[in-house]
Amino acid sequence: MEFPAHLLSVLIWLPIAGGIVALVIGDDGDVASSKAGLMRVTTLLTSLLTLAISIFLYTGFDKTTADMQFVERIPWVEALQAYYYLGVDGISAPLILLTTFITPFVVIAGWDTIKTRPAQYFAAFLILEGLMVGVFAALDGLLFYVFWEFMLVPMFLIIGVWGGERRIYATLKFFLYTFLGSVLMLVAFIYLYLQTGSYDLLGWMDAPLTMTAQKLIFIAFLLAFAVKVPMWPVHTWLPDAHVEAPTGGSVILAAIMLKMGGYGFIRLSLPIVPDASGYFSSLMIGLSLIAVVYIGFVALMQKDMKKLIAYSSIAHMGFVTLGFFLPWHISGSSGAALGISGGMVQMISHGLISGAMFLCVGVLYDRVHSRQIADYGGVANTMPTFAAFAVLFAMANAGLPGTSGFVGEFMVIIASFKANFWIAFFAATTLILGAAYTLWMVKRVYYGEVANDNVAKLEDLSRREFLVLAVLAIAVLLLGVWPAPLIDMMNASIDQLVERIAEPKLLQAGL
Amino acid sequence: MKSYYLTIVLAPLIAAIVAGLFGRQIGRAGAHTVTILGVGLSTVLSGYVLYQMLANGAPAENLSIYTWGIADGLRMEIGFLVDRLSALMMVVVTFVSLMVHIYTIGYMHDDPGYQRFFSYISLFTFAMLMLVMSNNFLQLFFGWEAVGLVSYLLIGFWFKKETAVFANLKAFLVNRVGDFGFLLGIAGIVLFTNSLDYAEVFAQREAIAGETISVFGGTPWNAMTVICILLFIGAMGKSAQAPLHVWLPDSMEGPTPISALIHAATMVTAGIFMVARMSPLYELSVTALGVVIVIGAITAFFMGLLGIVQNDIKRVVAYSTLSQLGYMTVALGASAYSAAIFHLMTHAFFKALLFLAAGSVIIAMHHEQDIRKMGGIRKYMPITYWTSLIGSLALIGFPATSGFFSKDYIIEAVHASNWHSGTTMGEQATYWIAYLSVLLGVFVTALYSFRMFFLVFHGEERMDAETKSHLHETPWVVTVPLILLAIPSAIIGWFTVEPVLFGGFFGDAIVVSESRDVMSRLGEDWHGQVGMLLHAFKTPVMYLALAGVAAAWYLYLKRPDIPAAIKEKASGFYNVLDRKYYFDDLWIKGFAGGGRRLGDFLADKGDRVLIDGVIVNGTANTVGKLAGIMRQLQTGYLYTYAFAMIIGLTALLGWLIWLK
């Protein structure tokens, strides 16, 4: 057993326990009460402790192997052959680190801006953190599904309770979309269970499946994951959810929950139904390119900053799905792993950048209580430090080399040129579109003369806000200047995945 | 030498970080001291590196600094290739940057953003050095985009000005159009070589040239042609070649020191440098070279014409820069890479000088930039006057100045190029477009340069009395850089023309295929500088330049009524020039406006009406209606529901088992 024992379980249950403790402490219905203070400190310490412990996941991680690491496996529901089965490889470990890294920012960002029911608010985020780590760590189908569905509950509450005016519409849309998608995933899981007699995800990867079964399973998975990513045309819940969500909710939604979709494709669709993934890959690439181009134009015209960033997220996630489904279109000896690696790097990077951008909108919203671009102008005059951060994150969002935003896009564009000139052509339009919608917003919000009294009265970042943005800025720059540690971590697992999908299951099984 | 190279690159970066993050603590003097020390150190070391190569024959070095990442066998590295091409660029970049740093102390003296400005220009120097010293395409692209970023920040330095923040967005986006092509070109290189390293890619160049790509339909294109044209699209953005030139004139919204540094001497020449660096690739695609020379020729001539109708002192110089960049591009297309780099170097000195001199005038005129409101400034500002004269003479290629040698050899190279000796219609057409453009461009250059010179420094004093009473020479921090730039503008051509163009200066850094090697053919006729001066009297070039000066003198000093009359009579033609051939309308109304309309359409008709309206809410409504019917079945008793659920689940599981 590796040190510390049961690392993954700790990373799942520590935040959940912390969340329950926060609920028990409560807030006396008053933000200023001593109980509320104690509750917040408990929350912050829990999230920081989780982050600190997750460092072991990095230091103890063996980059040379594609095998699952930090494995825990005990019987769970014996009647169903379901196990409490956890483990990580180079694909899931970076996503867990992203989750533990982002959560403390959400806690700090909500520190004194959440006035109603703070205990429930902070508890929801901690519990959500544990559940999200659970999704990334689960190697048992049933366990995966349980985490996957339970994850919706805190987010549903976060938007529904602390959201904006149209929060009921937004939560309903969010819930129905994601829930309908995942129910079909459950059906596919049950089918796989009946085929193999277990819920072992790794076992499913080796299970022989006919093409018809693969196609049906792929479609079931597609609906679940495409909604989460989200892919065009099932994306319209995201802008609504973001607009209504409180800042912390938007950050978690964009930074981590969207990654569930990408993770689902790479963990389940690609290895379990590789032939169907190949069969549908042209469709997937087409939808990804629509996300990049169509959504890029839609983002350009948004009047609400959060909607703009939400659409930008959809376009950026298009690179993830594009990278994942390129391998079937690359004939040469190399390039398949490059696209998948690029997609993975894009997920991590987008987690940092979109999180930071939503926090930036939060900084403005807390002061002016508007998300409309038209309500701002010349913010750089009154908040120069903040404007510097905002421009940095905007540049990262536009994929400037030297920031993390460049790394994944660069790898995916290079891989797509290996597949087809026109795929690369449409993917590369992000250079223009991404810069256009991001920097046009920057121009209208931050540059120019002070637009109105609200902007004139703005005060620059508080120390708390500065800390949050500075740490994220460092992460974005570090990953942009030296992405090798992240890429190295994933290489072995991605190579194995590429090998797996290169040998069609149908042939292996003689079907 | 590795530590030297690292110091050259990192000194300006560290200085930029210190001035940027701790500007408030170290104050104004601290900010300019630390950045000038940083860039000064880079300048001295760059000079040392070049000296080692020239005096002691130090070899080119290609070394890796660190591995950025390895994915799928593709090594992505950060490293330096320091050969004579990059060493020359390093000296030019750091020297001009140092002059601009010193000048800025005077120019930005009263600006509240003083520290920020120094931080930016130091950061720019770092980015530009990363670009020219790179040994691979990844770092090249990093430098390429990073100089674009600093350019964006500096054009919009006065971010309260609506025109400035419009110009910087425009500059960034137009450059991104170029970068779009550039990145695809890099991706094309990786497709065929699976490498980003220059040396490896060049080693496989013959193989690339043997490959084809299908771009449109099934027609196979030569892979090298596609790659080189894609890369050149990047160069068109950065080096402002038509039709991607539209951002450069607007970039004049930025403070003058950066117009000199970024938008004249260094960043805009990155495209020229890149093509020269990629000469082993371009040499294998005659088609790509044809594209290069034609685009360059169009830019050289037509952008020069626009300089004649501009009234903003900086914009005149900006159009002149466009035109001169066109000359360099023409040289590249004629396979005269060394002539292009030579002109790049001389141009860096005299154009930086002209911009800084224009800035000096602007300071003295209290930030008035309209040349119609100047005149007769000569006697108030003697140093600015004489240095401007030197810069203008160099620009028009007046005999013996640095511009004379560099520009003359571009024209000679076109004349002696393979395009001229080509036998096909296409080759002949290409030749005549290029040759006439660079030849007539000489007259145009002289006309707009001396139009401005006469209007600013000679003739009647048209400024108001208030301004006139304050007119005086600018302080030493401004004039010393002018003098230090005037010296190389005047003489550097004389001393360097022979080694750079004919002495095999660049060694292996520039590769020209033997049959296209126009410079070595010209070298056979080289008889020293004096011989070239004498030869100049026998060519039309010098007479065209003199005619341009004379025309400027006659039209704008002697008979200013004539231009006014021409403007009146030929208003159609004048309008075309005034509206800059409608390129701005094409970009702003056409592409940007079209993009916004498309965005609106997709957001409204696509997302709102079709997806949300018809599909999502439509489905929801249908479900709602069905639910109305189903409601009849609802009894309100718990057992009914439980029963229904059990039946449903059984049916589902039964179906699954049956499937198995």
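Please refer to the structure placed before this passage.
Owing to the predicted nature of the structure, the values given are computational and were not obtained by experimental measurement.

**With respect to the overall build of chain B**
- Across its full length, chain B holds 29 helices and four strands.
- Seen through its principal axes, chain B has C-alpha atoms that stretch 105 × 60 × 60 Å.
- Counting every position in chain B, which comprises 660 residues, the buried fraction comes to 55%.
- In chain B, 80% of the contacts between residues at least 6 apart in sequence involve partners at least 24 apart.

**Considerations on the interface of chain A and chain B**
- Each partner contributes residues to the interface: chain A has 48 residues there, and chain B has 49 residues.
- Looking at which element gives the most residues to the side of chain A that touches chain B, the answer is helix H20 (residues 430-446) of chain A, with seven residues.
- Along the lines of polarity and charge, the residues of the side of chain A that touches chain B split into 34 nonpolar, 11 polar and three charged.

**As for the pairing of strand E1 (residues 61-71) of chain B**
All names here are of chain B.
- In this sheet, strand E2 (residues 74-82) lies alongside E1 in antiparallel orientation, the contact comprising nine bridges. Across the sheet, residue Ile70 finds its bridge partner in E2, namely Arg75.
- Connecting E1 to the antiparallel partner E2 that follows it, the hairpin turn spans two residues, and Asp72 within it adopts a positive phi of roughly 55°.

**Details of the pairing of strand E1 (residues 69-77) of chain A**
All names here are of chain A.
- As defined by bridge partners, E1 adjoins strand E2 (residues 82-88) across six bridges and the pair is classed as antiparallel. Looking across to E2, one finds that Pro75 is bridged to Tyr83.
- What sits between E1 and E2 in their antiparallel hairpin is a turn of four residues, with Gln81 showing a positive phi close to 60°.

**Here's the deal with the packing of helix H15 (residues 336-368) of chain A against helix H17 (residues 384-397) of chain A**
All names here are of chain A.
- Close contact between H15 and H17 brings their axes to 10 Å; oriented N to C, the two are set at 145°. Remark: the crossing between H15 and H17 carries left-handed chirality. Contacts from Ile353, Ala356, Met357, Cys360 and Val363 in H15 reach Phe386, Phe389, Ala390, Phe393, Ala396 and Asn397 in H17.
- Grouping the constituent residues of the contact of H15 with H17 by class yields 10 nonpolar, one polar and no charged.

**Topic: unusual backbone geometry**
- The amide bond that connects A:Val229 to the next residue, A:Pro230, takes the cis arrangement and shows omega of -15°.
- By secondary structure assignment, the location of A:Pro230 is in the loop between helix H9 (211-228) and helix H10 (237-244).
- Here the residue pair B:Ala242 and B:Pro243 is connected by a cis peptide bond, since its omega of 0° sits within 30 degrees of zero.
- Residue placement: B:Pro243 occurs in the loop between helix H9 (223-238) and helix H10 (247-250).
- One non-glycine residue, A:Phe70, lies in the positive phi region at around 55°.
- Here A:Phe70 shows up in strand E1.
- Residue class for A:Phe70 comes out buried when judged on the 25 C-beta atoms lying within 10 Å of it.

**Describing the nonpolar core**
- If you look at the biggest cluster of nonpolar residues, it comprises 456 residues, and the most contacted ones within it are A:Ala291, B:Val330, B:Ala331, B:Ala340, B:Ala352 and B:Ile410.
- Among all residues touching B:Val330, those that are not within four sequence positions of it are B:Ile293, B:Gly296, B:Ala297, B:Ala300, B:Ile410, B:Val414, B:Ala434 and B:Val438.

**Quick look at the packing of helix H3 (residues 92-109) of chain A against helix H22 (residues 463-481) of chain A**
Residue and element names in this part refer to chain A.
- The contact between H3 and H22 brings their axes to 10 Å, and the two run at 160°. In terms of axis orientation, H3 runs roughly antiparallel to H22. Remark: the crossing between H3 and H22 carries left-handed chirality. Contact with H3, carried on its side by Phe105, Ile108 and Ala109, involves Arg464, Val468 and Leu472 of H22 and no other residues of that element.

The rules we used
Residues numbered from 1 in each chain as written. Chains lettered and ligands numbered in written order. Predicted model: local features only at pLDDT ≥ 70, side-chain atom pairs only at ≥ 80, totals over all residues. Helix = DSSP H or I, 4+ residues; strand = E, 2+ residues; numbered from the N terminus. Buried ≥ 20, exposed ≤ 12 C-beta atoms within 10 Å, placed from the backbone. Contact = placed C-beta atoms within 7 Å. Nonpolar A, V, L, I, M, F, W, Y, C, P; charged D, E, K, R; others polar. Pairing = 2+ DSSP bridges. Axes fitted to C-alpha atoms, helices over the stretch in contact; angles between N-to-C directions. Left-handed = near helix turned anticlockwise from the far one by under 90°. Core = buried A, V, L, I, M, F, W, Y, C linked by C-beta atoms within 7 Å. Parallel < 35°, antiparallel > 145°, perpendicular 65-115°, else oblique.

Coordinates in, geometry out; function isn't part of it.
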